[in-house]
Amino acid sequence: MPEQTIYFQWQNDVLRKTIYPLREMKLRDFLVYYKEIELWAEYKNKDIKGEINAYHAQKKLAVEKAAKAYFEYRNYFMSGDVRADYMKKFGAVDEEILNAIHAFHRNFSTYLPKFTDPRRETYFVSQQVLFWQQYRKEYLKKLANKQRRVDIMKSQTPPHPNAPKEEQELIRMQKPAFQMVDEELNRLYVFVSTSGRIEKRKQDIEKSIQNAEKIVKEATAKLDLLKPQIEKQNSLQKKASDELARLKSPPQLASVESYFSTADVSSQLRNQFAQASQSLVDAINKFHKDLKDQFSYSKSESSRLNVIRNTLYSLNQYQATLQKEIIKHDTDLRNMGPTWKYKAEREALRDNLRNVSLKAVEEELKKLTDFQAAFEYSSKSKDEMTKLVQAKELELASANGSLSKLRDEAKALQSQIDSYDDILIVTEEKRLMEYVPDASKPVTVKDIVQVKLDDYKLSLGDLDHYQLLELVVKEFKAKLGRYPRWLQYMVVHFSGMRYASAHGSWADPKDLLANLHTAEIEKEMKSLSEDAVEALCREKVESYEPSSGVPASPVQQKPKLAQATDPEWKERIAGHLKRIKRALEIDSPSHQRNSLINLRIDEGSYEVDAMKSDEIYEALMDYKDDLPDWMWKEIVKLTDLRLTEVKDKDWEKSTQGQTGGFSKQDAEFRQMMGDWKNKFMTGWREEHDRSDRLVVSRAVCNEVAEHIQHLRGHTPPGGLTPKPTWYQSNEKKDPNSYLVKPESETDFKTGASILWLRFVRKEPNEWQMAHPITTKKGGFGLLPPGFIAKRATSGPNETTPWAYNMSDPITRVRTFLTAEKARIREQEWLRWIHEATVVEMADTADGKIVLTFETALPSDDPRLSSIGVFKHRLSDLLLDGEEDVYNRSFIGYIPEGKVPEDNLKDMLDWDKVLLKQ
């Protein structure tokens, strides 16, 4: 059975998977965005009473399905052991990757249950995506290094003895190891997607319990105010209770006095507190020594009692110092984070202070208080002691009464808080699975449109590339005039294409064929004898200037070049013949050979130049078996031969050097290929402008925009920097052209370019630099006057405001202090960061939007870094952003020129486009 004809690179399955990694997603986006516009146009003025019941039924199903999917993936990432999942998926597991996955899941199980705010949960999950993407990137580097190692070992002659072992390790790293890494990322993407679907639902649930939370919060605040009062009253109650106990049963003076008459109590402290620090022991010994010394010269009881009281005060102060030190350690540990190199040391110090030093001091305070009581009560009479006991009992009763009242208030508040547990502690799964229509919020047209749009999205979910493309083409054919021809071209041929520079992705096959012919001619001519060269020279002269009217034999048929009528070619022929005749006259073999080579090279170039595209590729195919594999692979990569010749996913991977590509015999080929690729490094631009064929296999933002302008009949300059002045130069010649800072929806005309600015840390190149401009309309410059005029001052410890230099290039600088108090100078350059082409301004249920055809920036979500139709809120496009995230845009517009309809006929031939394998 003959192979199916392939007209476009995305019809080759391998090319579609490598060149168009997000093909299906961007085709869906196109269909969904236009469905959203159509639904709003259909429903915005429609009576929806008859659709409300169906809306609730759909909403119920959607809620249950979304919640089920969310908990399925949430439970997966909360699972600590997913070995069975991967065994089922791949039949084997890689232990290293499985351990990394399990560690990754532990992060989810640690933090995910703590989130009650759906936005915080979504943020957390999105951060995990970034983490695993980085893990995947690092693993890819390891794979690439291993691949290089294997390639080098296999390319040696003979191959390195460890090559088979290394290759087996590479295979293991690919399957199942990298498959597991990729699968985990894909599951994470689905989890993010399901989280996004129920986030609003979660927010609605959150609002429904906000009233309960408010009441609980207010009760908790009151309870929090009571707690320190209760704690204080507890302290007063305990103090009164302890003092009453001492009054009723005074400590024995001799016993406590004996303890404090000892200046060194190290052994007693060590026996009770084995971990006591030497500084603590020294401090307590000093209190003992000072008290003993002061007792030695204090003779009266009153003076001695004052000594005890003063010592008690000093010991209390020492206790407060220890508590402050503990607080400082806690603060340092909290601020410096878990990776602080002194973390363990500081934790040990803090714990010793809290668990040993404070307890030792508390014990010392108790003994000293006993000493004070024993000393003071020893001189009291029985009646005096009875009165003191009675007074203290009254004080204790008052303290108990106050404490009881405070506890009753706290208990009532706690009961109020607990009464809301049934509202606040209901399972999240039950809440999310349950759909209860909100009677206070009637169903609106927007609600109906959103449900129908969600339903439409689901209908596209399982469609493959060709099914989606068929829907796209059906849309184009059903609504003639609705979609510009350039948009149809870009949607069909660029949707889902990867984001990378088009430079070096194409080279002219005709030029290469001419080079191969030239190499053949030179090789052939070098092998001819001098007599043969002379005979050929005479034959050539005769074929161009026959000496008789006798028709030439078939062997002597005139070369195609001899039939040239172009004056330039005729002049070149005359020059060649003149040099050949002269070489024959002077009988110079070397001149004859060189002149003949030059003529034959021009003959070959003329014939190649006259070939059609199919003939060029047929001629190149004839060379396939005569060229090194690495060279043929490069030719395929840079020409339309890839449509039929590419069979495996590594078609872009260079094999030069692995199969003799650096040997001496390939030197000419290496030089030829290098010259060819360099000559056409940016040749895709001119070729597309000329032919409108799909010649690139990748593109960045400005290159996508340039393709569109070619299709609109214009030839813009390359890069971002020249675009504003290009639009301004057209503005001078055509009143319908303009470059403006957008201020309203009227500025966003179909086919216009949106050009964004941004400040960056790295100095931009000449194709990105933002040179100063001023718009004709409104007199807008690249920066708001307020930025430039601002000259605020700052203190020595603050970040200084941006200082702007409005020369060319435009820069800004500021300084700031690091955590180590080092002052750093920060400089940024203004550059053009991105370009998009306006597809359409439209109304939707969410307000006015602007559809564009562009690339997502590679700094964005990597799942979106591709080419296609994107949606922006009009309000976002009109904003400049705050100073630190400045992102002003300008719009350039030129009316459509002469559309290359003849070229587009073939590219938009729906029979060819919809051709299936």
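The rules behind each value
- Residues numbered from 1 in each chain as written.
- Predicted model: local features only at pLDDT ≥ 70, side-chain atom pairs only at ≥ 80, totals over all residues.
- Heavy atoms only, no water.
- Buried < 20%, exposed > 50% of the residue type's maximum accessible area, 1.4 Å probe, protein only.
- Helix = DSSP H or I, 4+ residues; strand = E, 2+ residues; numbered from the N terminus.
- Contact = heavy atoms within 4.5 Å.
- Salt bridge = Lys/Arg side-chain N within 4 Å of Asp/Glu carboxyl O.
- Polar contact = N/O pair within 3.5 Å; in protein donor to acceptor, adjacent residues only side chain to side chain.
- pLDDT = per-residue confidence, 0-100.
- Axes fitted to C-alpha atoms, helices over the stretch in contact; angles between N-to-C directions.
- Parallel < 35°, antiparallel > 145°, perpendicular 65-115°, else oblique.
- Left-handed = near helix turned anticlockwise from the far one by under 90°.
- Nonpolar A, V, L, I, M, F, W, Y, C, P; charged D, E, K, R; others polar.
- Pairing = 2+ DSSP bridges.
- Phe/Tyr/Trp six-rings, centres within 6.5 Å; stacked < 30°, edge-to-face > 60°.
- Lys NZ or Arg CZ within 6 Å of the ring centre and 35° of its normal.

Colleague: How should helix H25 (residues 629–638) be read in this particular structure?
Modeller: Owing to its 3.6 residues per turn, the α-helix brings residues three or four apart onto one side. Burial of H25 is extensive: eight of the ten residues sit out of reach of the surface. Buried residues of H25: Trp630, Met631, Trp632, Glu634, Ile635, Val636, Lys637 and Leu638, and no others. Where H25 is buried, its residues meet helix H20 (509–527), helix H24 (613–621), helix H26 (642–645) and helix H27 (667–679).

Colleague: Is there a simple way to explain the pattern of salt bridges in this structure?
Modeller: Side-chain pairs of opposite charge can arise whenever the charged atoms involved come near each other. One pass over the structure, following the stated rule, counts 67 salt bridges. Notably, a salt bridge pairs Glu835 with Lys723, separated by 2.8 Å at the nearest N-O pair. On the criterion of sequence distance, the pair formed by Glu835 in strand S5 (residues 823–844) and Lys723 in helix H30 (residues 723–733) is long-range, its members being 112 residues apart. Residue Glu835 shares its accessibility class with Lys723, and that shared class is buried. Close ionic contact of Glu826 with Arg814 constitutes a salt bridge, the shortest N to O distance being 3.0 Å. Of this pair, Glu826 sits in strand S5 while Arg814 sits in strand S4 (residues 811–817), and the two are twelve residues apart along the sequence. On the basis of relative accessible area, Glu826 is assigned to the buried category, the value being 8%. Residue class for Arg814 comes out buried when judged on its relative accessible area of 17%. Put simply, Arg761, Arg812, Arg814, Glu826, Glu828 and Asp884 are held in one network by salt bridges that share partners.

Colleague: Is there a simple way to explain unusual backbone geometry in this structure?
Modeller: With glycine set apart, most residues show a phi of negative sign, and most peptide bonds adopt trans. Residue Thr157 is joined to Pro158 through a cis peptide bond whose omega torsion reads -5°. Tracing the chain through its elements places Pro158 in the loop between helix H6 (118–155) and helix H7 (163–208). Along the chain, Asp808 connects to Pro809 via a cis peptide bond; the corresponding omega equals 15°. Looking at the element boundaries, Pro809 is found in the loop between strand S3 (803–805) and S4. Even without a glycine there, the phi angle at Asp587 is positive, about 55°. Summarising the element assignment, Asp587 is placed in the loop between helix H22 (567–585) and helix H23 (589–610).

Colleague: Would you explain the side chain of Gln9 in this entry?
Modeller: Of note, Gln9 is situated in the segment before helix H1 (13–19). Side-chain polar atoms of Gln9 contact the backbone oxygen of Val696, separated by 3.0 Å. Gln9 has contacts with Leu15, Arg16, Ile19, Tyr20, Met497, Arg642, Leu643, Leu694, Val696 and Ser697, leaving out every residue within four places of it along the chain.

Colleague: How do you make sense of the confidence of the model for the protein chain when you look at a structure like this?
Modeller: Should pLDDT be low for a region, the predicted coordinates there are not to be read in detail. With 95% of its residues at a pLDDT of at least 70, the protein chain reaches an overall mean of 88. Within the protein chain, helix H15 (residues 421–424) has the poorest average pLDDT of any element, 65, and helix H19 (residues 485–494) the best, 98.

Colleague: Even after reading the chapter, I still don't get the packing of helix H28 (residues 683–691) against helix H29 (residues 701–711), so can you show me in this structure?
Modeller: Any two packed helices are characterised by how steeply their axes cross, that is the angle between the axes, and by the distance between the axes. Packing of H28 against H29 brings their axes to within 9 Å, and their N-to-C directions diverge by 25°. One finds that H28 runs roughly parallel with respect to H29. Crossing hand, H28 versus H29: right-handed. Mapping the contact onto sequence places Trp684, Arg685, His688 and Asp689 in H28 and Asn702, Glu703, Glu706, His707, His710 and Leu711 in H29. When the residues that make up the contact of H28 with H29 are grouped by side-chain class, the tally is two nonpolar, four polar and four charged.

Colleague: Would you mind going over the environment of Ile833 with me for this structure?
Modeller: By the secondary structure assignment, Ile833 is in strand S5. For Ile833, a relative accessible area of 13% translates into the label buried. Placed 538 residues apart in sequence, Ile833 and Phe295 show a C-alpha to C-alpha distance of 83 Å.

Colleague: I'm lost on the pairing of strand S8 (residues 889–893) in this one. Help?
Modeller: Across a regular strand the side chains alternate sides, sitting on one face of the sheet and then on the other. For S8, the buried fraction is high: five of the five residues fall into the buried class. The side-chain alternation of S8 yields two buried faces, one formed by Ser889, Ile891 and Tyr893 and the other by Phe890 and Gly892. Across four bridges, the pairing between strand S2 (residues 753–760) and S8 is antiparallel. The residue of S8 that forms the bridge with Leu755 is Phe890.

Colleague: Even after reading the chapter, I still don't get the packing of aromatic side chains, so can you show me in this structure?
Modeller: Any aromatic ring pair is given by two values, namely how distant the centres are and how the planes are angled relative to each other. Tallying each qualifying case throughout the model produces 39 aromatic pairs. On the basis of an interplanar angle of 55° and a centroid distance of 5.6 Å, the ring pair of Phe30 and Tyr483 is categorised as tilted. Note that Phe30 is positioned in helix H2 (residues 23–43) and Tyr483 in the loop between helix H18 (465–478) and H19, a separation of 453 residues in sequence. Note on Phe30: relative accessible area 1%, which makes it buried. Centroid distance Phe104 to Phe108: 5.2 Å. Interplanar angle 90°. Geometry classified as edge-to-face. Here the residue Phe104 and the residue Phe108 both occupy positions in helix H5 (residues 95–111), the gap between them amounting to four residues, near one helical turn. Across this residue pair, the class does not change: Phe104 and Phe108 are buried. Positioned above the aromatic ring of Tyr20 is the side chain of Arg23, whose terminal nitrogen or guanidinium carbon lies 5.1 Å from the ring centre. In this arrangement the basic side chain of Lys741 is found over the ring face of Phe780, its NZ or CZ atom lying 5.5 Å from the centre.

Colleague: So what exactly am I meant to see when it comes to the packing of helix H9 (residues 253–260) against helix H13 (residues 343–377) here?
Modeller: As a packed pair, H9 and H13 sit with axes 9 Å apart at the nearest point and diverge in direction by 130°. Overall, the two elements H9 and H13 adopt an arrangement that is oblique. Judged by the twist between their axes, the crossing of H9 over H13 is left-handed. Side by side, H9 and H13 meet where Leu253, Val256, Glu257, Tyr259 and Phe260 of the first sit next to Glu364, Lys367, Leu368, Asp370, Phe371, Ala374 and Phe375 of the second. For the contact of H9 with H13, the per-class residue count stands at eight nonpolar, no polar and four charged.

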